Amino acid sequence: MPFDSIIDDLVKQGWSLQQNSLPESLIQELITESYRRAAQGLLTPAGVGRAQELTVRDTIRGDSIHWLEHGQATCTDAYLEHMEALRVTLNQAFFLGLEDFECHMALYPPGSFYKTHVDRFRDDDSRTVTAVTYLNSNWTSEDGGLMRLYLSDGAAQDIPPLAGNLAVFMSADRPHEVLPTQRERLALTGWFKRRSCNPLPL
Ligand SMILES: O=C(O)CCC(=O)C(=O)O
Ligand SMILES: [Fe+2]
């Protein structure tokens, strides 16, 4: 796993795309496991916002999600371990004080999208680095579903959700969106978190 080039990319441009970021066998297991959970009815429509403010708005986002926890399956544990190694590397490179990684699988049905947003909540600044691994074999340009990152110079960068692609970017300052997908679109979406500076009393 070329973590070095992720670090270099983040320094230079604030985002990184790694292709073939995981062994092919692990990708296949994650795909199978995700569709198994979907078939079991474990995925639920994603919300917008946080805690008491969380609401489901399919005019903003149309995916259904299921959170990854340690001990659910060998392949998801392997993925979380892999992200743990990235967390340690990010801390060594940037002194970010990342303490945690939260991650869900997200399934976008045909026709769905996620409008432009930033990943850091208004009332909780703990999400610091976003890492998304895509799980869609043979993705073509007709399938749509690109992740469009809006860069600081006003340009945009499109990332295809092709299996093995890993997108990493700073959560606070990188607006992005998921363009409408023509095909079912699967991703593991995660956030490295530091301790929140102004948590709301819950
Ligand atoms: O699936 C993607 O490409 C990105 C999803 C996303 O932006 C999010 O869940 O916050
Ligand atoms: Fe996002």
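For clarity, every value in this text was computed on a predicted model and none was experimentally measured.

Engineer: It is not clear to me how the overall build of the protein chain should be interpreted in this structure. Could you clarify?
Structural biologist: Broken down by element type, the protein chain carries three helices and eleven strands. Element order for the protein chain, N to C, with α for helix and β for strand: α-β-α-β-β-α-β-β-β-β-β-β-β-β. Compactness check: the protein chain gives a C-alpha radius of gyration of 16 Å against a globular reference of 17 Å for 202 residues, within 12% of the reference. Along the longest, intermediate and shortest principal axes, the C-alpha atoms of the protein chain span 40 × 40 × 40 Å. Counting over 202 residues, the protein chain shows a buried share of 49%. For the protein chain, long-range pairs separated by at least 24 residues make up 78% of all intrachain contacts whose partners lie at least 6 apart in sequence. Summed over all atoms, the accessible surface of the protein chain reaches about 9900 Å², with 52% contributed by carbon and sulfur. Taking the 18 positively charged and 27 negatively charged side chains of the protein chain as two groups, their mean positions are separated by 5 Å.

Engineer: How should the layout of surface pockets be read in this particular structure?
Structural biologist: One water molecule sets the probe size; rolling that probe over the atoms shows where empty space is left. Put simply, the second largest pocket is a space of about 240 Å³. Every residue lining the second largest pocket is counted, 14 residues in all, and those nearest its centre are His70, Leu80, Asp100, Phe101 and Glu102. Where the lining of the second largest pocket is concerned, the elements lending two or more residues are α3 (74-94) and β4 (98-108). For the lining of the second largest pocket, a count of residues per class yields six nonpolar, one polar and seven charged.

Engineer: Even after reading the chapter, I still don't get helix α2 (residues 24-39), so can you show me in this structure?
Structural biologist: Think of an α-helix as 3.6 residues a turn; residues three or four steps apart then line up on the same face. Spanning 16 residues, α2 covers 23 Å between terminal C-alpha atoms, matching the ideal 22 Å at 1.5 Å per step. Close packing links the buried residues of α2 with β3 (64-67), α3, β4 and β11 (185-194).

Engineer: Got a minute to help me understand the sheet that holds β4 in this structure?
Structural biologist: Strand pairs in the sheet, formed through backbone hydrogen bonds, run parallel or antiparallel to each other. In space, the seven strands of this open sheet follow the order β1-β9-β6-β11-β4-β3-β2, with antiparallel pairing throughout. Of all strands in the sheet, those bounded by a partner on one side alone are β1 (15-18) and β2 (44-45).

Engineer: Looking at this model, I keep getting lost on the UniProt feature "domain: Fe2OG dioxygenase" (unreviewed entry) in the protein chain. Mind explaining?
Structural biologist: Within this numbering scheme, the UniProt entry marks residues 89-194 as carrying the feature "domain: Fe2OG dioxygenase" (unreviewed entry). Strand forms 46% of residues 89-194 and helix 6%; the C-alpha atoms that close the span are 14 Å apart.

Engineer: So what exactly am I meant to see when it comes to the packing of aromatic side chains here?
Structural biologist: The description of an aromatic ring pair uses the distance of the two centres, along with the angle that the planes make with each other. Inspection of every chain in the model, using the stated rule, returns two aromatic pairs. Here Trp67 and Trp191 contribute two aromatic rings whose centre-to-centre distance is 6.4 Å and whose plane-to-plane angle is 50°, an arrangement assigned as tilted. Residue Trp67 is located in strand β3, and its partner Trp191 is located in strand β11; the two are separated by 124 residues in the primary sequence. Taking relative accessible area as the criterion, Trp67 reaches 34% and is therefore assigned partly exposed. Under the relative-accessibility criterion, Trp191 is labelled buried at 5%. Consider the rings of Phe101 and Phe192, whose centres lie 4.6 Å apart with planes at 40°: the pair is tilted. Separated by 91 residues along the polypeptide, Phe101 in strand β4 and Phe192 in strand β11 bring together distant segments of the chain. The same class applies to Phe101 and to Phe192, which are both buried. One residue, Arg127, lies across the ring of Trp191, its end atom 3.6 Å from the ring centre.

Engineer: Would you explain the nonpolar core in this entry?
Structural biologist: The tendency in soluble globular proteins is for nonpolar side chains to be buried side by side. Counting 32 residues, the largest nonpolar core has Leu30, Tyr79, Met83, Leu90, Phe101, Leu188 and Phe192 as its most contacted members. Secondary-structure elements contributing two or more residues to this core are α1 (3-13), α2, α3, β4, β6 (127-134), β9 (166-170) and β11. In terms of residues, this core owes the most to one element, α3, which gives six residues. Among all residues touching Leu90, those that are not within four sequence positions of it are Ile7, Leu10, Phe95, Leu96, Leu98, Val129 and Phe192.

Engineer: For this particular structure, what's the right way to read α3?
Structural biologist: Compared with an ideal rise of 1.5 Å per residue, which puts 21 residues at 30 Å, α3 spans 30 Å between its outermost C-alpha atoms and is within 8% of the ideal. Those residues of α3 lying buried are Cys75, Thr76, Tyr79, Leu80, His82, Met83, Leu86, Arg87, Thr89, Leu90 and Asn91. As for α3, its buried residues are in contact with α1, α2, β4, β6, β9 and β11. Immediately beyond the C-terminal end of α3, within one or two residues, lies Phe95, with a positive phi of roughly 50°.

Thresholds applied
Residues numbered from 1 in each chain as written. Chains lettered and ligands numbered in written order. Predicted model: local features only at pLDDT ≥ 70, side-chain atom pairs only at ≥ 80, totals over all residues. Heavy atoms only, no water. Helix = DSSP H or I, 4+ residues; strand = E, 2+ residues; numbered from the N terminus. Rg over C-alpha atoms; globule rule 2.2 N^0.38 Å. Buried < 20%, exposed > 50% of the residue type's maximum accessible area, 1.4 Å probe, protein only. Contact = heavy atoms within 4.5 Å. Areas by Shrake-Rupley, 256 points an atom, 1.4 Å probe, with all protein chains shown as cover. Lys, Arg positive; Asp, Glu negative; His and termini not counted. Charge placed at Lys NZ, Arg CZ, Asp CG, Glu CD. 1 Å grid on protein atoms, 1.4 Å probe; cavity = no way out; pocket = protein on both sides within 12 Å on 5 of 7 lines; lining within 4 Å. Points joined across faces, edges and corners; volume = space filled by probe spheres on them. Nonpolar A, V, L, I, M, F, W, Y, C, P; charged D, E, K, R; others polar. Expected span 1.5 Å × (residues − 1). Pairing = 2+ DSSP bridges. UniProt positions renumbered as here; feature names shortened; annotations may be inferred. Phe/Tyr/Trp six-rings, centres within 6.5 Å; stacked < 30°, edge-to-face > 60°. Lys NZ or Arg CZ within 6 Å of the ring centre and 35° of its normal. Core = buried A, V, L, I, M, F, W, Y, C linked by side-chain atoms within 4.5 Å.

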